2 protein chains.
Amino acid sequence: MNDDVIKSRNNRYFKYFKSLLNKKNRQREHLFFAEGAKVVEESLEHEKPQYVAISESYADKENILRQNFKTFIFSENLFVNLCDTENPQGIIAYYRFLHRNSLSDIRRGIYLFLDDLQDPGNVGSLIRSALAFEIDGIIASKDTVEIYNPKLIRSTMASIFKIPIYVVDKSELNLLKNKGFEILTTDLDGGEVLYNQKFADNAIIALGNEAKGISQELKDLSDKSIYIPMAQNIDSLNVTVAGSILLYELNRHKYDSSR
Amino acid sequence: MNDDVIKSRNNRYFKYFKSLLNKKNRQREHLFFAEGAKVVEESLEHEKPQYVAISESYADKENILRQNFKTFIFSENLFVNLCDTENPQGIIAYYRFLHRNSLSDIRRGIYLFLDDLQDPGNVGSLIRSALAFEIDGIIASKDTVEIYNPKLIRSTMASIFKIPIYVVDKSELNLLKNKGFEILTTDLDGGEVLYNQKFADNAIIALGNEAKGISQELKDLSDKSIYIPMAQNIDSLNVTVAGSILLYELNRHKYDSSR
């Protein structure tokens, strides 16, 4: 434990943490960060931070310093440069990457597949919904927005620490299809209505890119297409909304069968 | 029709349109803007723009100039200064405010009430869901994010032109309560489960602020509290997700009774 306050921009930890605001550096170091006391506290049950940075005036400083983290205290002036948020909350924790690169350990369950989604807020909220509706994990295509994007991390509200995440090439889904997983896609133009839909016990629910929808590769893999009934002449729902409604229906199914 | 290209920063239309990037000026002028060919085209059935600004190189320039709008052409250099987006699409339309300030014309139907929501993306996506699930209108509290915020307008995907919007003081809801509208709030801590919920024909569904939830004022007005079943230990869903799931259930009800 060291409670010196770092005040110099030349300090190597200051420079290192600042570098992690940049995706390229996160990917090289396999580290990402989460801001705010609530998120950091919630993460602790699941993941120990590699480093913690706090501001000199952070209210709960003594408590953090008592814990067994590599903690660094920065002057206010320096600390704001480490934050992605406009209103820094005085604490940032740095974690090792959480995701797995292969689907080979998946044997059963319901997974959400993100087919090149680009909006960090959309993906973050979907991870939150996936945890709320108790699905088994999230699989992101390699061209999906970086799952460690700071805005994405914020919108997950700590749920990213509590659900398995995979980042893989789309072709890896063949592995699950060969194991008997049903691959479901969403489609406005046809397919089966979501109401009273029976879901397979082992399934992948694929959600398409915000602008382009489901990719050809996923269409080719798809076993069934499902649509959410809505007004005529509506382009579509926001992808997070559509995906969350699917997960809500899935969870209803579990709820009904447990009664 | 005037197809001169405006190249000077001192041009009064350039200055006027640029000023509308600022909320204070939008509120004074009662004008807002939407960017992109698709949104502008979709809005036309519902709302004629007061002005249209296009960039010199806009692909569909001739078609726009043929129409009966007050259209102004700007050099590329100037045009980017009128845009809120990072990737300008070459066309911006300016419209008069759409909302109403009083609920006195509402007699029946289902309305969504936004209880001080702050995130423009959340509100925009909710408006999109409200249109998709065919509810009758959106009522925003005065302290909700400005409904003409450019990011909000973008996330509505033109749906804001197609559904009635009201902006009022919360106390105005008493008017609807006195007319027999049922006021529903969402609550994690209790109330009735959403599954198989029967909805009143005339109802207000209130969604709470992202951080603070439902306000005391709305709790006092509430006739019934509803919750969405989800995993233990989950704080809550994103408000757009929760609201959209409620609207989806409402629409299921209509769908079932029309069969």
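Preceding this paragraph is the structure being described.
We now turn to the structure provided with this report.

Digging into the overall build of chain A
Link 1 in the chain: Broken down by element type, chain A carries 10 helices and 12 strands.
Link 2 in the chain: Expressed as lengths along the three principal axes of its C-alpha atoms, the size of chain A is roughly 60 × 40 × 40 Å.
Link 3 in the chain: A buried classification covers 55% of the 259 residues belonging to chain A.
Link 4 in the chain: Across chain A, every contact between residues at least 6 apart in sequence was considered, and the portion connecting residues at least 24 apart equals 79%.

Quick notes on the packing of aromatic side chains
Link 1 in the chain: Inspection of the entire model under this criterion finds 43 aromatic pairs over all chains.
Link 2 in the chain: Measuring from ring centre to ring centre gives 5.5 Å for A:Y195 and B:Y248, while their planes differ by 45°; the resulting arrangement is tilted. Linking A:Y195 in the loop between β10 (192–193) and β11 (203–208) with B:Y248 in helix α10 (residues 239–257), this pair reaches from one chain into another. The same class applies to A:Y195 and to B:Y248, which are both buried.
Link 3 in the chain: Between B:F33 and B:Y94, the aromatic rings sit 5.9 Å apart at their centres with planes inclined by 50°, giving tilted as the arrangement. With B:F33 in strand β2 (residues 31–35) and B:Y94 in strand β5 (residues 91–96), this residue pair connects regions lying 61 residues apart in the sequence. Each member of the pair B:F33 and B:Y94 is classed as buried.
Link 4 in the chain: What links up through ring pairs into an aromatic cluster is the set A:Y13, A:F14, A:Y16, A:F17, A:F33, A:Y51, A:F72, A:F74 and A:Y94.

Concerning the pattern of salt bridges
Link 1 in the chain: All told, the structure shown has 24 salt bridges over all chains when counted by the stated rule.
Link 2 in the chain: For A:E249, the salt bridge is made with A:R252, and the minimal N-O distance between the two is 3.2 Å. Of this pair, A:E249 and A:R252 both sit in helix α10 (residues 239–257), 3 residues apart, which is roughly one turn of that helix.
Link 3 in the chain: The class of A:R252 is buried, set by a relative accessible area of 8%.
Link 4 in the chain: Within this structure, A:E249, A:R252, B:E249 and B:R252 form a network of salt bridges that share partners.

Things to note about the interface of chain B and chain A
Link 1 in the chain: Facing the 31 residues of chain B at the interface are 31 residues of chain A.
Link 2 in the chain: Note on chain B versus chain A: buried area summed over both sides is about 2,800 Å², and carbon and sulfur give 59% of it.
Link 3 in the chain: When the buried area of chain B at its contact with chain A is split by residue, B:R128, B:Y195 and B:Y248 rank highest and sum to 23% of it.
Link 4 in the chain: At the surface where chain B touches chain A, the tally comes to 2 salt bridges.
Link 5 in the chain: Counting only elements with at least two residues in the side of chain B that touches chain A, the list comes to α3 (37–43), α6 (120–132) and α10 of chain B.
Link 6 in the chain: Considering every element that reaches the side of chain B that touches chain A, the biggest residue donor is α10(B), with 9 residues.
Link 7 in the chain: Looking at the side of chain B that touches chain A, its residues break down into 16 nonpolar, 8 polar and 7 charged.

With respect to the sheet that holds strand β5 (residues 91–96) of chain A
Residue and element names in this part refer to chain A.
Link 1 in the chain: With mixed pairing, the 5 strands of this open sheet are ordered in space as β1-β4-β3-β5-β2. Edge positions in the sheet fall to β1 (5–6) and β2 (31–35), since each of these pairs with one other strand and no more.
Link 2 in the chain: Alignment of β1 against strand β4 (residues 71–74), held across 2 bridges, turns out to be parallel. Within the sheet, the bridge partner assigned to I6 lies in β4 and is F74.
Link 3 in the chain: Sheet strands touched by helix α1 (residues 12–19): β2, β3 (51–55), β4 and β5. Its angle to β4, the strand with the most contacts, is close to 95°.

Cut-offs applied
- Sequence order as written defines residue numbering, which begins from 1 separately in each chain.
- Written order decides the labels, with chains lettered from A and ligands numbered from 1.
- Since the coordinates come from a predicted model, pLDDT governs what is reported: local features require at least 70, and pairs of side-chain atoms require 80 or more to be given and counted, while whole-chain, interface and lining totals use all residues.
- Remark: hydrogens and water are excluded; side-chain values derive from all non-hydrogen atoms of the structure.
- Counting from the N terminus, the helices are the DSSP runs of H or I reaching at least four residues and the strands are the DSSP runs of E reaching at least two.
- Exposure categories follow from relative accessible area, calculated using a 1.4 Å probe and restricted to protein chains: below 20% of the type maximum is buried, above 50% is exposed, and the middle band is partly exposed.
- Whether two residues are in contact is decided by their heavy atoms: any pair within 4.5 Å suffices.
- Between the rings of Phe, Tyr and Trp (Trp by its six-membered ring), a pair exists once the centres lie within 6.5 Å; its type follows the angle of the planes, with under 30 degrees stacked, over 60 edge-to-face, and the other angles tilted.
- The term salt bridge refers to a pairing of a side-chain nitrogen on Lys or Arg with a carboxyl oxygen on Asp or Glu at a separation within 4 Å.
- Buried area is calculated as the accessible area (1.4 Å probe) missing from two parts once they are joined, with the contributions of both summed.
- Amino acids outside the nonpolar list (Ala, Val, Leu, Ile, Met, Phe, Trp, Tyr, Cys, Pro) and the charged list (Asp, Glu, Lys, Arg) are all regarded as polar, and Gly is one of them.
- One bridge is not enough; two strands pair if DSSP finds at least two bridges between them.
- Axis definition: a line fitted to C-alpha atoms, limited for helices to the stretch in contact. Angles are taken between N-to-C directions and run from 0 to 180 degrees.

All quantities given are derived from atomic positions and should not be read as evidence of function.
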